[in-house]
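Remarks on the overall topology
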Amino acid sequence: MIKTLLSYFKSFFLFLYFLPLWGLGGFWGNVAFAQDRIVKVNFETSCFQNSPSLPYNSAFLIEGEVFKDVEYVSVSIFNEHSKKEINAYTWNRHDKNKTETFTITVAPILKSNSKYDFLVSTYKKMSENQKISLAKNLKNRLVFYLKSHFEFDGSKVIIDKPKTVFKGIKQLIEEALIFQKSKNGFSYNAPSDLVLHQLENHRHFRFKNFLRGKKINEKDSVATKLINEKVESMANLIISELTPFFNSDLVQQHNSVMIQSVPTDKEPFSLPINAGMYAWSMNTDVNNVTQQTTDVTFGVGLSFPFVHKTRFKKSKIFDGLAFSMGVLTSPLQDANGRELTTPQVELPVYSALGVRLFKIIRINAGTLFVNEKGSQNFNNIEFVPTFGVGLELNLWLGIKK
């Protein structure tokens, strides 16, 4: 029986392997060589020219006209009226590229019958003086922030929790550099753990030893001097961690437009139909001895996705989580020779949960609902586990959603 099972599956997979040669090869070839659609940005009107709809589940190009001194363009995509970025794409001008247009390829991430917002930003190269000014202003902000977390109450110096201050420094840097990017791809890792350790050391610093024996009017100036030294040291350390980023080819945002509520094409309504081989196994009592029957039967069914275009975000192989229902094309037969079908259907009916493999193969695991053939009684239904592998195609019904 196991050999029979393997033989069925081997034949089925050979069918899937040679299927493209029998007719689907031309279809996949046409898809592979289809020309990408192009949409053009109009920066003056903050829209795509001619208000086009966008393709779903396929790549497209975003183009626009820019000045020759624009070095970098970014495109961020959001669901309509959402602030959470779905994905971002960039264009980085090569030194020898003197054109006044940019082209960005957007991957096939959009869904049908949906709307999206696009944030398109252009950047110009920063001069050395601009970068020096940026670093100087950032240091001044760091000094001001750090000083606000050191306090002298007349007898001792109080410092806020190091982890809280550390998070504040990180947020301050991100906000200060939100409009700058590195053409070289440099990123910054500031503040580092070294900064956190320094904050913890400052919190345990024995300021009292330096204030002991000082007159009341002297303590304030001594404490202020010590705090200024600590703050200056911390600010210099943080700026030093940002130096590789500042020394790279920085660009600064010059213009930004938000293109809102751009629709995607409507998808033709289709019905996912799957057909393949279903393995099943059941135990039968024969003369007080349990015997197992295992076989493979051809079956067909329909799939009902739980969520439209459900996908495993981190998987490029599996997708299409769905509930399936269908029938096997012939009755089951147990060890006693009984033929089993679903009452009133006269064929075994199954329900299953499964996923798609490579967007065309449906893998299902579920249950068959059967009783002795000819019986119309649903009270004594037997549940037989089944596992199926089949081909799934969408049948277009000629209407749109």
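In this text, all values refer to a predicted model and were calculated from it rather than measured experimentally.

**Structural notes on unusual backbone geometry**
The residue after alanine 190, namely proline 191, is reached through a cis peptide bond having omega 0°. Here proline 191 shows up in the loop between strand S10 (180–182) and helix H5 (193–203). Although it is not a glycine, serine 46 adopts a positive phi angle of roughly 55°. Positive phi outside glycine occurs at glutamine 344, with the angle close to 70°. Within the secondary structure layout, glutamine 344 lies in the loop between strand S16 (339–341) and strand S17 (349–357). By relative accessible area, glutamine 344 is classed as exposed at 59%.

**Looking at the sheet that holds strand S1 (residues 37–42)**
Reading across from one edge, S2-S1-S3-S6 is the order of the four strands in this open sheet, with mixed pairing throughout. Single-partner strands in this sheet number two, and they are strand S2 (47–48) and strand S6 (101–106). Across six bridges, the pairing between strand S3 (residues 60–65) and S6 is antiparallel. Paired with leucine 61 across the bridge in S6 is threonine 105.

**Looking at the side chain of aspartate 265**
Position of aspartate 265 relative to the elements: it lies in the loop between strand S11 (250–263) and strand S12 (268–286). There is a polar contact of 2.7 Å between the side chain of aspartate 265 and the side chain of arginine 37. The residues touching aspartate 265, leaving out its near neighbours within four places in the chain, are Arg37, Ser53, Leu54, Pro55, Tyr56, Ser112 and Asn113.

**Description of the sheet that holds strand S4 (residues 70–79)**
What the five strands build is an open sheet, ordered S5-S4-S7-S11-S10; its pairing is antiparallel. Here the strands that pair on one side only, and so sit at the sheet edges, are strand S5 (85–92) and S10. Adjacent strand axes in the sheet meet at a mean angle of 30° when their direction is disregarded. As defined by bridge partners, S10 adjoins S11 across three bridges and the pair is classed as antiparallel. Each bridged residue has a counterpart across the sheet, and for serine 182 the counterpart in S11 is leucine 250.

**Structural notes on the packing of aromatic side chains**
In this structure the tally under the stated criterion is eight aromatic pairs. Each ring, one from tyrosine 188 and one from phenylalanine 245, has its centre 5.2 Å from the other, and the planes form 75°; the classification is edge-to-face. Of this pair, tyrosine 188 sits in the loop between S10 and H5 while phenylalanine 245 is found in helix H7 (residues 216–247), placing the two residues 57 residues apart along the sequence. A relative accessible area of 26% means that tyrosine 188 is categorised as partly exposed. Grouping aromatic residues by their ring pairs yields a cluster made of Phe43, Trp91 and Phe102.

**A few points about helix H4 (residues 162–176)**
Spanning 15 residues, H4 covers 21 Å between terminal C-alpha atoms, matching the ideal 21 Å at 1.5 Å per step. Every buried residue of H4 is listed here: Pro162, Val165, Phe166, Gly168, Ile169, Leu172, Ile173 and Ala176. Looking down the long axis of H4, one finds its buried residues gathered within 160° of arc, a one-sided arrangement. Within H4, the exposed residues directed more than 90 degrees away from the buried face are Lys163 and Lys167.

**Observations regarding helix H3 (residues 128–147)**
The terminal C-alpha atoms of H3, which comprises 20 residues, lie 29 Å apart, in line with the 28 Å expected from a rise of 1.5 Å per residue. Regarding H3, the residues found buried are Lys131, Leu134, Ala135, Leu138, Leu142, Val143, Tyr145 and Leu146.

**With respect to the packing of H3 against H4**
The angle between the axes and the distance between the axes are what describe a pair of packed helices. Interhelical geometry of H3 versus H4 gives an angle of 155° and a closest axis separation of 11 Å. The angle between the axes of H3 and H4 places the two elements in the roughly antiparallel class. Note on packing geometry: the crossing formed by H3 with H4 is right-handed. For the pair H3 and H4, the contacting residues are Leu134, Leu138, Arg141, Leu142, Tyr145 and Leu146 in the first and Thr164, Val165, Gly168, Ile169, Leu172 and Ala176 in the second. Grouping the amino acids of the contact of H3 with H4 by side-chain chemistry returns nine nonpolar, two polar and one charged.

**Re the environment of valine 70**
Structurally, the position occupied by valine 70 is in strand S4. Given the relative accessible area of 2%, valine 70 is considered buried. Between the C-alpha atom of valine 70 and that of tyrosine 123, which follows or precedes it by 53 residues, the distance is 5.6 Å. Those residues in contact with valine 70 that sit more than four places away from it in its chain are Trp91, Arg93, Thr122, Tyr123 and Lys124.

**Section: the side chain of threonine 294**
Looking at the secondary structure, you find threonine 294 in strand S13 (residues 289–305). On the accessibility criterion, threonine 294 (16% relative accessible area) is buried. Of the polar contacts made by the side chain of threonine 294, one reaches the side chain of serine 281; its length is 3.3 Å.

**A closer look at the nonpolar core**
Counting residues in each nonpolar core, the largest one holds 32 residues, and the members touching the most others are Leu138, Leu142, Ile169, Val195, Leu199, Leu242 and Phe246. Every element with two or more residues in this core is listed here: H3, H4, H5 and H7. Considering each element in turn, this core owes the most residues, ten residues, to H7. Apart from the residues within four sequence positions on either side, valine 195 is in contact with Phe166, Ile169, Met234, Leu237, Ile238 and Glu241. Membership of the second largest hydrophobic core comes to 24 residues, among which are Val39, Phe43, Val70 and Ile104.

**Looking at the environment of leucine 196**
Of note, leucine 196 is situated in helix H5. C-alpha separation for the pair leucine 196 and valine 165, spaced 31 residues apart in sequence, amounts to 8.6 Å. Leucine 196 has contacts with Pro162, Lys163 and Phe166, leaving out every residue within four places of it along the chain.

Rules of the game
- Residues numbered from 1 in each chain as written.
- Predicted model: local features only at pLDDT ≥ 70, side-chain atom pairs only at ≥ 80, totals over all residues.
- Heavy atoms only, no water.
- Helix = DSSP H or I, 4+ residues; strand = E, 2+ residues; numbered from the N terminus.
- Buried < 20%, exposed > 50% of the residue type's maximum accessible area, 1.4 Å probe, protein only.
- Pairing = 2+ DSSP bridges.
- Polar contact = N/O pair within 3.5 Å; in protein donor to acceptor, adjacent residues only side chain to side chain.
- Contact = heavy atoms within 4.5 Å.
- Axes fitted to C-alpha atoms, helices over the stretch in contact; angles between N-to-C directions.
- Phe/Tyr/Trp six-rings, centres within 6.5 Å; stacked < 30°, edge-to-face > 60°.
- Expected span 1.5 Å × (residues − 1).
- Arc of directions from axis to C-beta.
- Parallel < 35°, antiparallel > 145°, perpendicular 65-115°, else oblique.
- Left-handed = near helix turned anticlockwise from the far one by under 90°.
- Nonpolar A, V, L, I, M, F, W, Y, C, P; charged D, E, K, R; others polar.
- Core = buried A, V, L, I, M, F, W, Y, C linked by side-chain atoms within 4.5 Å.

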